[in-house]
There are 2 protein chains.
Amino acid sequence: MAQSPEFALIQRHFARLGAARRDVTLGVGDDCALLTPPPGQQLAVSMDLLLAGRHFPHDTPAHAVGHKALAVNLSDLAAMGAEPAWVTLGLSLPEVDDHWLEGFAKGFAALAEQHEVALVGGDTVRGPLAISVQVHGFVELGAALRRDRARPGDALYVSGWPGEAAAALPHRLRGERGGAGSALTHCSARLDYPTPRVGLGHALRGVASAAIDLSDGLHGDLGHILEQSHCGATLELEALPLSTQLIALTGSVEAARTTLLRGGDDYELLFCVPPRNEEEVHWLAERLRLPLHRIGTLEPQSGLRLRGADGQIHSAEGGSFDHFSH
Amino acid sequence: MAQSPEFALIQRHFARLGAARRDVTLGVGDDCALLTPPPGQQLAVSMDLLLAGRHFPHDTPAHAVGHKALAVNLSDLAAMGAEPAWVTLGLSLPEVDDHWLEGFAKGFAALAEQHEVALVGGDTVRGPLAISVQVHGFVELGAALRRDRARPGDALYVSGWPGEAAAALPHRLRGERGGAGSALTHCSARLDYPTPRVGLGHALRGVASAAIDLSDGLHGDLGHILEQSHCGATLELEALPLSTQLIALTGSVEAARTTLLRGGDDYELLFCVPPRNEEEVHWLAERLRLPLHRIGTLEPQSGLRLRGADGQIHSAEGGSFDHFSH
């Protein structure tokens, strides 16, 4: 737990941040937080470490950094179908910048309140800008959406319009800013303010057989499901959802597809649905007002295949986004 | 959760690290860990962020870094009287150094196994060396040792021989290494391999009124208890436990006292005991084979006073260790 001056700093910006919850007996300010998990539920826990220049461009506004640091973790809970509850925050800051901290705390708090998440602990130290966030959520015993339960014959779905965040990244790294209403401005907002699909994840319990969130790109993240579920898949190239902004920013349908397959940072959900539950997915898309695209099918044969409009199988080359490459 | 190459790296060194626990349904490898808290207990959660050069000297062996990263967090659980269970680990590494990772994982694992802690999740990224650790433990409802429950009249105790870690730090920062059996070698081991007082913390439930672990130094950490319990204290200067190694390394009794009061990083427990429970403390010290020193008394009058052998009250100046000063 944070101490003395850092502690005062945390207290000012982060005390009572987020939702007030009855299951928090003791929050920030002692050696540990004291929490009361609901009886009969499992605890879902995820942690992410975010570095400036690696997980978000250096010029990202503090408010967006605060939002994104929590969003990527809520997205992990969403991918398990868990209901968010508590979060802890570790901050390494090059300096005690009150203005930056205020923006960060506001971005973090707005999303926390939206999902009724309480900040229950943290630590702040001086160092290179780095953010460590850990979330805790609840899910009924046996109801979690795991990566290893997909089966051949299941349909493969993806939510929203993946690829837009990755399309914005190279422009942002060159310091470009889009004009009002431009494709770059639209895609930039998706990079800075990803929407964790918490409601969708929750609704998919009992409907989907497996799920994962798109942090490394569709190709790489689908690979995790296929590997852990011991099956393969064929993606329908024509069914990949390409937004007009994605095509505009990447310059062509071909480039848009590559960006969608290889690019990360979207935090949409990729999920598998047994045929008997597919009708439920159509209904869910309407209820959540969120496009859910059927993009392929799981098969017994291992490996990933891409099928074009001509029925031909194309290569499935292309790696995922890699935080250790450059 | 970690993905692709980092994921492979984590898997190799960190999969199934620490104890195997029946309450871990799903550990490292999915979007979240799935855990089953024991019914009727509270969850105690603490997180710490450790940076090279700030929380441990740059020349600290990887094995010691792994030990210390977990130890400082277990120490927070100890200070609450909680029983350790699960841990998550975030690692920012300048390079994928297999040798360093192996040493780190071994140091971390040895302590985790000793306390039956399972590693359930993590994230690894490339960046400046930084370590984020979060521990989860259990404590019966209402039994946790909080900072805000000390009362005037309680006796003040400290475990072990605090000050030794802080005495070693300036020497280590100058690159000095002690010879075999030297005071520096002894104190260096206390800096690199602090012992979290988990057994003591557990035994103090129902005995101590309040507790804190010494991370910022006795003066600063006692200040947290006094502030949150709304009382003051008088420390008996002659009662402060000065080890022969501490006196040898600092050069005088006076310097040893200052180091003990101001220096941090000891992770001994400072705790308050109502008079009716003091006999129990003597018994505990024998059972745990751990010296527990009575160093002062809590009083209604706010502030901290130091009383010398002459009965005179000395100034209580001297701040705590501050991760933001330098």
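As the structure is a computational prediction, the values presented were derived from the model and not from experiment.

The next point concerns the pairing of strand E9 (residues 232-236) of chain B. Residues and elements named next belong to chain B. Across the 5 residues of E9, 4 count as buried, placing the element largely inside the fold. As paired elements, E9 and strand E11 (residues 292-299) share 4 bridges and run antiparallel to each other. If you follow Gly232 over to E11, its bridge partner there is Glu299. Where E9 lies against strand E12 (residues 303-307), 5 bridges are found, and the strand directions are parallel. In the strand pairing of E12, Thr234 is matched with Arg305.

Take the pairing of strand E4 (residues 83-93) of chain B next. All names here are of chain B. Along E4, 10 of the 11 residues are buried, which leaves the element largely enclosed by surrounding structure. The sheet contact formed by E4 and strand E6 (residues 130-140) spans 9 bridges and is antiparallel. The residue of E6 that forms the bridge with Pro84 is Gly137. Bridge count between E4 and strand E5 (residues 118-126): 8 bridges; the pairing is parallel. Directly across from Ser92, in E5, lies its bridge partner Val125. A crossover links E4 with its parallel partner E5, the connecting element being helix H3 (residues 98-114), and its sense is right-handed.

Moving on, we get to the domain arrangement of chain A. Interfaces are often sized by the accessible area lost when the parts come together. Residues and elements named next belong to chain A. Once the domains are mapped, chain A shows domain 1 (5-140) and domain 2 (147-325). In this structure, domain 1 and domain 2 have C-alpha centres spaced 26 Å apart. Listed per partner, the contact involves 25 residues of domain 1 and 24 residues of domain 2. Carbon and sulfur atoms supply 55% of the area that domain 1 and domain 2 bury against each other, a total of about 2,000 Å² over both sides. Counting across the domain 1 and domain 2 interface gives 4 salt bridges. Between Asp59 and Arg172 there is a salt bridge, with its nearest N and O atoms 3.2 Å apart. The interface formed by domain 1 and domain 2 holds 9 residue pairs in polar contact (both at pLDDT 80 or more) in total. Those elements that place two or more of their residues in the side of domain 1 that touches domain 2 are helix H2 (62-80), strand E4 (83-93) and strand E6 (130-140).

Mapping chain B onto chain A calls for a screw motion: a turn of 180° about the axis and a shift of 0.0 Å along it, with 0.0 Å RMSD after fitting. The symmetry that links the two subunits is that of a two-fold axis. In this assembly the copies share their binding face: 100% of the residues contributing to the interface of chain B also contribute to that of chain A.

Residues and elements named next belong to chain A. Per the counting criterion, the structure on display carries 8 aromatic pairs over all chains. A centroid spacing of 5.2 Å and a plane angle of 80° characterise the contact between Trp86 and Phe138, whose relative ring orientation is edge-to-face. Residue Trp86 is located in strand E4, and its partner Phe138 is located in strand E6; the two are separated by 52 residues in the primary sequence. Members of the aromatic cluster, each reached through a chain of ring pairs, are Trp100, Phe104 and Phe108.

Attention now moves to the packing of helix H4 (residues 164-173) of chain B against helix H5 (residues 183-192) of chain B. Residues and elements named next belong to chain B. With their axes 7 Å apart at the nearest point, H4 and H5 run at an angle of 105° to one another. Relative to H5, the element H4 lies roughly perpendicular. Where H4 approaches H5, its residues Glu164, Ala165, Ala168, Leu169, His171 and Arg172 are matched on the opposing element by Leu184, His186, Cys187, Ser188, Arg190, Leu191 and Asp192. Classifying every residue of the contact of H4 with H5 by side-chain character gives 6 nonpolar, 3 polar and 4 charged.

In this section: the environment of Ala285(B). Residues and elements named next belong to chain B. Secondary-structure assignment places Ala285 in helix H10 (residues 278-288). Sequence separation of Ala285 and Leu200 is 85 residues, and the distance between their C-alpha atoms is 8.7 Å. Apart from residues lying up to four places away in sequence, Ala285 is in contact with Leu290 and Leu292.

Cut-offs applied
All residue numbers here refer to positions counted from 1 along the written sequence of the relevant chain. To read the labels, note that chains go from A and ligands from 1, taken in the order they are written. The predicted nature of this model means local features are confined to residues of pLDDT at least 70 and side-chain atom pairs, given and counted, to a pLDDT of 80 or more, with totals for whole chains, interfaces and linings taken over all residues. No hydrogens and no water enter the side-chain calculation; it runs on all heavy atoms of the structure. Only protein chains enter the accessibility calculation, which uses a 1.4 Å probe; a residue whose area is less than 20% of its type maximum is buried, one above 50% is exposed, and one in between is partly exposed. Helix and strand assignments follow DSSP, with helices taken as H or I runs no shorter than four residues and strands as E runs no shorter than two, numbered in order from the N terminus. A pair of strands is treated as paired once DSSP finds two or more bridges between them. Orient the strands so they point away from the viewer; a crossover is then right-handed if the path from the first strand over the helix to the second runs clockwise. Throughout the structure description, domain borders are defined by an automatic or database domain assignment. Here a residue-residue contact requires only that any non-hydrogen atoms of the pair lie within 4.5 Å. Buried area: the accessible area, evaluated with a 1.4 Å probe, that two parts lose upon being put together, summed over both parts. Any Lys or Arg side-chain nitrogen found within 4 Å of a carboxyl oxygen on Asp or Glu counts as a salt bridge. Identification of polar contacts relies on pairs of N or O atoms within 3.5 Å, with a donor-acceptor requirement for protein atoms, meaning one able to donate a hydrogen and the other able to accept it, and with residues adjacent in sequence counted only if both atoms are side-chain atoms. Copy-to-copy alignment: least squares on C-alpha atoms, limited to residues at pLDDT 70 or above in both. Note on aromatic pairs: the rings of Phe, Tyr and Trp (six-membered ring only in Trp) are paired at centre separations within 6.5 Å, and the planes decide the class, stacked below 30 degrees, edge-to-face beyond 60, tilted for the rest. Note on geometry: axes are C-alpha line fits, over the in-contact stretch for helices, and angles between N-to-C directions span 0 to 180 degrees. Working definition: roughly parallel below 35 degrees, roughly antiparallel above 145 degrees, roughly perpendicular at 65 to 115 degrees, and oblique for all remaining angles. Put simply, Ala, Val, Leu, Ile, Met, Phe, Trp, Tyr, Cys and Pro go in the nonpolar bin, Asp, Glu, Lys and Arg in the charged bin, and everything else, Gly too, in the polar bin.

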